[in-house]
Structure formats: C-alpha cells, structure tokens
Amino acid sequence: MKKILSLLLAACMIFSLAACSGGDKKASAIDEIKAKGQLTVGTSADYPPYEFHTEIDGKDTIVGFDIAIAQAIADDLGVKLNIVDMSFDNLLMSLSNGEFDMVIAGITSNEERKKAVDFSDPYLVSKSLILVKNENADKYKTLDDLKGAKGGAQTGTITYDRCVLYCGEESTVGLAKVQDLIMELQAGKLDLLFLDYMTVLTYAAVKDDLSAVDVNIPSENEGYQIAVQKGNDELNTYINGVLAKLAEENAIEGYIVEAQQLAGMDE
Ligand code: ARG
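Procedures and definitions
Residues numbered from 1 in each chain as written. Predicted model: local features only at pLDDT ≥ 70, side-chain atom pairs only at ≥ 80, totals over all residues. Heavy atoms only, no water. Axes fitted to C-alpha atoms, helices over the stretch in contact; angles between N-to-C directions. Helix = DSSP H or I, 4+ residues; strand = E, 2+ residues; numbered from the N terminus. Parallel < 35°, antiparallel > 145°, perpendicular 65-115°, else oblique. Left-handed = near helix turned anticlockwise from the far one by under 90°. Contact = heavy atoms within 4.5 Å. Nonpolar A, V, L, I, M, F, W, Y, C, P; charged D, E, K, R; others polar. Salt bridge = Lys/Arg side-chain N within 4 Å of Asp/Glu carboxyl O. Pairing = 2+ DSSP bridges.

1. Overview of the packing of helix α3 (residues 65–77) against helix α10 (residues 251–262)
α10 packs onto α3 with a crossing angle of 135° between their chain directions and a minimal axis gap of 8 Å. The angle between α3 and α10 places the two elements in the oblique class. Where α3 crosses over α10, the two elements pack in a sense that is right-handed. Where α3 approaches α10, its residues Phe 65, Ala 68, Ile 69 and Ala 72 are matched on the opposing element by Ile 252, Tyr 255, Ile 256 and Ala 259. Taken together, the residues of the contact of α3 with α10 break down into eight nonpolar, no polar and no charged.

Below you can see the structure in the form of structure tokens.
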C-alpha cells in the first residue's frame, strides 16, 4: 500500500513538473539547434551549381551556392553545418518527419508543397531551360516544338510536371538522379532535359556535346526558397533575417560565381 502511495506521489510530481514546464514558453526551435550545436540541412546534391559533389583536398565534399547560403545561416546561429544528401523526391517528406531542420535544394514552392511544409522568402529568381545535344540546338524554338519530343526530368520536381505538360505524358521520362538524365541525353536516348536554368547553363558550359536552349518556359513561382517544417515560424523568421542580410551585402552573387567555378565553369 505504502509503495503504491509513493508511486502515486511520484506520478503526481512528474505530472506537476510537466504541467509547470508546459506553462513556460514552448521549446524554442533556435535554442534546440544551438543546444545540438548543429544545423541539419537536407539537400539533393546532384544539381550544379546549386548543390553538388566535388573533390576538395582529395575529399568528396558537397558544395554549391545553396550550401554557401546554408553555411551562412549556420554561421549566424553559431553552429556547425550538417548536410544530409538524399534523392530529391524524398526531401520534403523527410523534413516533415523531422530528419532535418531545413531543406535547401534549388526548390520552389507550389500549393501542394505549401500544404506539407513552410517556405522562406525567395533568395533568387527561378527559371527553367532545356538542355539538348549540340546537333539539336536549333530544333526547339517554341514550346510547341517540344510536343512529342522525348523529354527527361527529375522525379518529384516541378520541372518534371512542366516536361509532362509540354512534351506529353507518354514522351516524358523521370529519373531520380540528374547525372543519370545527363547520361541518357548524351547517349541519345532522350531528346532534351527540363532542368533549372543554372544547372542547364553549367552542363552546357562543361560538357562539349551539350547546349542550353531557352524556349520561354513560363514559371509561375516566386523563386528559390528554403523549406522548414510546417509551423516552424521561429526558424523561418530567422532564415529570412539572414537572407535579407545576404541580399543587402550582395553575397549570393559571390556564392554563385564561386559555385560555378567549382563546377568547372570559367566565368
Ligand atoms: N526547381 C525544381 C523544383 O523545385 C527542381 C529542383 C531540383 N533540385 C535538386 N537539388 N536536384 O522542383
């Protein structure tokens, strides 16, 4: 009996402790990141110059201008940057599951994505171009010319949806990794790829057999944004503060030039 009573008492104490801490302000997302000492960021590092793998001092490293932005946010928080690389189509689900604090991946928002996660202010305008083999550079001039062409795009992207829209469902091939799409294009198994403009310009510059083509693909979104968990206003506000500072200092232009150089582009 005594034992039960003391157990009950202990349970009450735990309950009142919980009730007491519940009265305090909610655990702060920023404090949690600082306590962990790291900002965990999800990305899909197959998208030069946004994010990609390169060798630095003989070591495989993830770089890119998105990564430089993530690093600036981590530096501002005074914590380490921890990058988690995975396939693009799993990123937002993993963010919602709490696997990372934010996602930066040349990503833009749409209504569907906004239902699952929250987005920061845009940090750069977005645009899509198509990538073709040199011999097809004059073949596609308008959106109408794309109809029936064998188009490739990355699964789970808005760019994929555009490829379906303009090439047609039957003619669109989706692959998880951008490097696999590039190989299929070079092998002549695909006529063209739909990708974000910076990636198209990078591949056109570093691969002798590939060219960038602008067919004026309409882009209805606001620009590239960072994604955070639904309702994480505190982190989102913090991120927007850092983005505003970077914009004021024109820092992002510098990150882009550096990333292009790392990707093998000359300018
Ligand atoms: N901008 C496109 C989207 O938001 C594609 C982004 C792909 N990013 C990447 N890191 N592979 O759907």
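2. Brief notes about the pattern of salt bridges
Scanning the model with the defined rule gives seven salt bridges in all. Between Lys 36 and Asp 101 there is a salt bridge, and its shortest N-O distance comes to 3.8 Å. Separated by 65 residues along the polypeptide, Lys 36 in helix α2 (residues 29–36) and Asp 101 in the loop between α4 (91–96) and β6 (102–103) bring together distant segments of the chain. The closest approach of N and O atoms between Glu 111 and Lys 114, which form a salt bridge, is 3.9 Å.

3. Regarding the sheet that holds strand β1 (residues 38–43)
Within a sheet, each strand pairs with its neighbour through backbone hydrogen bonds, oriented either parallel or antiparallel. Spatially, the five strands line up as an open sheet ordered β5-β1-β6-β13-β7, and their pairing is mixed. Single-partner strands in this sheet number two, and they are β5 (80–85) and β7 (117–119). Pairing analysis gives three bridges linking β7 to strand β13 (residues 227–229), with the strands arranged antiparallel. Each residue of the ladder has a partner; that of Val 117, found in β13, is Gln 229.

Any link to function would need more than the numbers given here.
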